[in-house]
Amino acid sequence: MSTAFYSHSDCRAHDMGQGHPECPQRLDAIGDHLRATGLDIALEMRDAPPVDLHDAERAHSSRYIAELRHFLEGVKQTGRPRAIDPDTTACPATWEAVLRAAGAAVAATDAVIDREVDSAFCAVRPPGHHATRDQAMGFCFLNNVAIAARHALDVRGLQRVAIVDFDVHHGNGTEDIIAGDERVLMVSIFQHPLYPYSGAVPKGTNMINVPVPPYTRGPEVREMIEAMWMPRLDAFRPEMIFVSAGFDAHRDDELGQLGLVEADYEWITRRIKDVADRHAQGRIVSCLEGGYALGALARSVAAHLRVLAELG
Ligand SMILES: [Zn+2]
């Protein structure tokens, strides 16, 4: 099995200020750990290209894309950081990072559909799953996974794709974009209540939301995934699977209060891969979302990648 690893130095340059948990060091921690463990050698390292804005418009309104571009290019010109949301700040490097993060997801989708690689992981920032059709929020500007899923459907002609979101926070942006699009099945598990406080009632019949209370641990999470996700994923028979891979449900992560560990991420990835192998010719594109405890993030990403690349 070959697995591509998409990233770009522009994604590192996006900086929301000292002390912000969604920091450039997240990508350093992942890269360092892959090199230290030799996992980098087993992956096909690729540079993320910038997204074509027409692709971004498959998930966002053209008006939002124009406003976002104006805002971020303005920040680049003035050189002064500016908040777009109480949690989300743009710096002069943000526009390029946003383009590369979404571009990675689209390029990974093409590479997997064209069978250049079996699967792909996008180690990108900013993350995307809180970005709605017309709003930046929660550290997110463009919804990388939703853009890639729509690219697979609208441009590459796939009929059914699944989105799996295991970030500790509800993927409200992805839900906002794909609710009612019956070509997409979204399954997610997230702590509730927790930011953005949505998800307890799904917005569409094409989504399986599994809210779990604080302090839920791996064994219970696995049971719920088995019972709530698996039958629906198998019945849906996705032709490709997109993953919003957030690692902030880890017990070391201070942004949530769930108790997952590396072995749980390995198990979840195995279950996703089983579905992909049964129905989707193994096609998986996974994009980094949250994960803020740097050591836990790096080890959890490695566990995820070892299953994707079948490295045992
Ligand atoms: Zn999160």
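Our subject is the structure listed above.
Reference entry: report on the structure contained in this document. (Residues numbered from 1 in each chain as written. Predicted model: local features only at pLDDT ≥ 70, side-chain atom pairs only at ≥ 80, totals over all residues. Heavy atoms only, no water.)

## Observations concerning the environment of Ala 131
Step number 1: For Ala 131, the location among the structural elements is in the loop between β5 (119–122) and α7 (144–155).
Step number 2: The buried category is assigned to Ala 131, whose relative accessible area is 0%.
Step number 3: In this structure the C-alpha to C-alpha distance between Ala 131 and Asp 176, which are 45 residues apart in sequence, comes to 8.8 Å.
Step number 4: The residues touching Ala 131, leaving out its near neighbours within four places in the chain, are His 60, Met 137, Cys 140, Phe 141, Leu 142, Asn 143, Gly 173, Thr 174 and Ile 177. (Helix = DSSP H or I, 4+ residues; strand = E, 2+ residues; numbered from the N terminus. Buried < 20%, exposed > 50% of the residue type's maximum accessible area, 1.4 Å probe, protein only. Contact = heavy atoms within 4.5 Å.)

## A few points about the side chain of Asn 206
Step number 1: Following the sequence through the fold, Asn 206 ends up in the loop between β7 (184–191) and β8 (207–212).
Step number 2: At 3.0 Å, the side chain of Asn 206 and the backbone oxygen of Asp 181 are in polar contact.
Step number 3: Setting aside residues up to four positions removed in sequence, Asn 206 forms contacts with Ile 178, Ala 179, Gly 180, Asp 181, Glu 182, Val 184, Leu 185 and Met 186. (Polar contact = N/O pair within 3.5 Å; in protein donor to acceptor, adjacent residues only side chain to side chain.)

## Overview of the layout of surface pockets
Step number 1: Taken as a whole, the largest pocket encloses approximately 240 Å³ of empty space.
Step number 2: Lining the largest pocket are 15 residues, and of these Phe 5, Ser 7, Leu 27, Gly 31 and Arg 35 sit closest to its centre.
Step number 3: Within the residue set of the lining of the largest pocket, elements represented by two or more residues are β1 (3–7), α1 (9–13) and α2 (25–37).
Step number 4: Top element by residues in the lining of the largest pocket is α2. It accounts for seven residues.
Step number 5: Partitioning the lining of the largest pocket into residue classes produces six nonpolar, four polar and five charged.
Step number 6: Considering only enclosed or pocket space, the second largest pocket measures out at about 160 Å³ in volume.
Step number 7: As for the second largest pocket, its lining consists of 16 residues, of which His 130, Gly 138, Phe 139, His 169 and Tyr 195 are closest to the centre.
Step number 8: Looking at the lining of the second largest pocket, its residues break down into seven nonpolar, five polar and four charged. (1 Å grid on protein atoms, 1.4 Å probe; cavity = no way out; pocket = protein on both sides within 12 Å on 5 of 7 lines; lining within 4 Å. Points joined across faces, edges and corners; volume = space filled by probe spheres on them. Nonpolar A, V, L, I, M, F, W, Y, C, P; charged D, E, K, R; others polar.)

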